[in-house]
Amino acid sequence: MRPHSPRMCGLLLAACLALPAVALHAAPLAVTQLSPARNAVAQPTAAVVIDFDKPVNPASVTPSTFRVFGRASGTKTGAFTFSNGNQRVSFQPSEPFSAGETVRINLSHDLAAADLTTLRSAGYFYQFQIRTLPGGTFQSLGSITNRINNVQTRIYGAAATDLNNDGWIDLATINEVSSDVRVCLSRADGSGLYQPFLPAQPIGFESSPNDPADFNNDGNTDLCIDASYVSTTAVMLGAGNGTFSSIQNLSAGDTPHGITTLDVDGDGDPDIATANQGDDNLGLLINNGAGVFSPPTFFEGGVNGEYGLVAADMNNDGIADLVVAGNGSGDVRVMRGNGDGTFTQAGPARSCGGLVWVVVVDDVDGDGNLDAATANNGSGNGAILLGNGDGTFDAATLYSTGSHTPSVDLGDLDGDGDPDLVLSVYSGGIWRYFLNDGAGNFAFQQDFTAPSNPSCAVLYDSDNDGDLDMALTDEIADVIVLMRNIGAADVAPGALPAQLALRPNAPNPFRDGTVVRFALPAPAQVRLDVFDVSGRRVASMEPVARGAGWQELAFNGRDAAGAPLATGVYSYRVSAG
């Protein structure tokens, strides 16, 4: 037998070499479950929990590959934990989200599994909203003039976002005539008021549309802004103190009137898309991850006179799409993202009932699919278009304003879990507020009279009390009208308790966190302590400043060491002084 062995080995080797080559490729890592769910409403203290179809490599999960960004609160820092055999990744932000804001999650294609496969090349994107507390009654806090020495600025847009990382929302006005951005930082005392403006930052003439992002992933919120008259896009990298470390004025298409940020190529960092009315197309500027952008490339947007633009996942495939509104054609269309920097038209364009200037999205009927709202230029109306979850819309429902309507905003102003509608009516001199019934039907609630001519409304939590306030910009009077949400409609405006008052925490019972609601007779430093049934203090929060009236503190359900509290009954104490 021994002499035959070499020959046998040779035959076996020959047989093996004669077999056809077969390439073996493991399936890419895939997302299987999201918490909070896509387009859901979550608590301010919510953790982001994502399940995968196989174990991930923990070393590949970093702030670059797993990005969490609140449009008001900015880039979130926190701790990653792994469970279920490393198939579940949980991210607990170190600070709560801001009430009413949209939170965007971007997973990079560099996020890897233990078997060395990675996410698909398109990465993964989704968003959710943050719950607001009951409210809907507003009290004026006065107005802020945007002018210096009474020189016109013409406020045509505004951003409400945390520009100095102190946990309070700041305001940045975008000004057409003075060609600049003016930042006023929050007083951070719960009053909903602001410090004097910082020095103006020059940008292009006739600037207006804007979007916040963290372009270089340094933890500071940046801005991008279109200037229609000079056809440029300004990229302003935040310095973390309300100023900007650099301002790039990049070439854009002709007469850009819409701008939005999204990750088009799956690398996790935000790119920029613009709607270019003059060129009748869309532009795309690719970010290299350091806040440096490629020259724009252009493609058809599927409407006539591309004007309004917003990014969102309209067909629930985990890839950001573009919702494009045409000023010339008076319609809206979804350009479905392919995840490789290209887009495909999704279904037919849908009429909006007017010549569109602005389009925004949210889930107005609670079906889990994003819907669109538009502001319709000289048509004297706004529109709601219910999304079908496949990139198409039902027919528009129109809401009358009576005259030129340049802007539209959605936000849960009454705290009932669904977004309400605010239309800025330039020629009518009003901001018109409509309440949502939860099914996407809106009823007129109130008109807020402008000093002159409104340009937009910014809906955000100015005083950190958990409900949505409003900053209403008037482009002719050059002022910001501050409207504070003081609570539910049955609370008398301006009424204050004689002493500290508490309401029950909600939700209760809770798993991911709860919110303690209380009222103060005057501004104070407030502390929250949590005790177990034996009276032992198990958690506490450092004192924070809160203003007079109804306020809130978010408790994340964790002990002093950061571990989740065991199931049980706990009591809490709110002290002010």
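Residues numbered from 1 in each chain as written. Predicted model: local features only at pLDDT ≥ 70, side-chain atom pairs only at ≥ 80, totals over all residues. Heavy atoms only, no water.

Participant: Can you help me understand the packing of aromatic side chains in this one?
Facilitator: When we look at a pair of aromatic rings, we describe it by the centre distance and by the angle of the planes. Throughout the structure, instances matching the rule amount to 16 aromatic pairs. An angle of 70° between the planes, with centres 5.2 Å apart, marks the rings of F66 and F80 as edge-to-face. Of this pair, F66 sits in strand β4 (residues 66-70) while F80 is found in strand β6 (residues 78-83), placing the two residues 14 residues apart along the sequence. Judged by centre distance (5.1 Å) and plane angle (45°), the ring pair of F80 and F91 falls under tilted. Remark: F91 occurs in strand β7 (residues 88-93) and F80 occurs in strand β6; sequence separation between them is 11 residues. The rings of Y399, F434, F442 and F444 are connected pair by pair, giving a single aromatic cluster. (Phe/Tyr/Trp six-rings, centres within 6.5 Å; stacked < 30°, edge-to-face > 60°. Helix = DSSP H or I, 4+ residues; strand = E, 2+ residues; numbered from the N terminus.)

Participant: Any chance you could explain a nonpolar patch on the surface here in plain terms?
Facilitator: On the surface, V177, F205, Y229 and V230 cluster together to form a nonpolar patch covering roughly 360 Å² of accessible area. Of note, F205 is situated in the loop between β14 (201-202) and β15 (207-213). (Patch = residues over 30% accessible without salt bridge, like charges linked within 9 Å, V, L, I, M, F, W, Y side chains within 5 Å. Areas by Shrake-Rupley, 256 points an atom, 1.4 Å probe, with all protein chains shown as cover. Salt bridge = Lys/Arg side-chain N within 4 Å of Asp/Glu carboxyl O.)

Participant: Explanation requested: the pattern of salt bridges in the structure shown.
Facilitator: Side-chain pairing between opposite charges can occur once the charged atoms of the two side chains come close. Evaluation of the coordinates by the stated rule reveals 14 salt bridges. One salt bridge connects E176 with R154, and the closest N-O pair in it is separated by 3.7 Å. On the criterion of sequence distance, the pair formed by E176 in the loop between β12 (170-175) and β13 (180-184) and R154 in the loop between β10 (137-145) and β11 (155-161) is long-range, its members being 22 residues apart. Notably, a salt bridge pairs R536 with D532, separated by 3.3 Å at the nearest N-O pair. Take R536: its relative accessible area is 52%, and that puts it in the exposed class. Overlapping salt bridges bring together R527, D529, R537 and R573 as one network. (Buried < 20%, exposed > 50% of the residue type's maximum accessible area, 1.4 Å probe, protein only.)

Participant: Explanation requested: the environment of D222 in the structure shown.
Facilitator: By secondary structure assignment, the location of D222 is in strand β16 (residues 222-227). Of the residues examined, D222 reaches a relative accessible area of 0% and is grouped as buried. For the pair D222 and V356, spaced 134 residues apart in the sequence, the C-alpha separation amounts to 27 Å. Discounting chain neighbours no more than four positions away, the residues touching D222 are D211, P212, A213, D214, F215, N216, M236, L237 and G238. Within the local environment of D222, its side chain forms a polar contact with the backbone nitrogen of G238, the two atoms lying 2.6 Å apart. (Contact = heavy atoms within 4.5 Å. Polar contact = N/O pair within 3.5 Å; in protein donor to acceptor, adjacent residues only side chain to side chain.)

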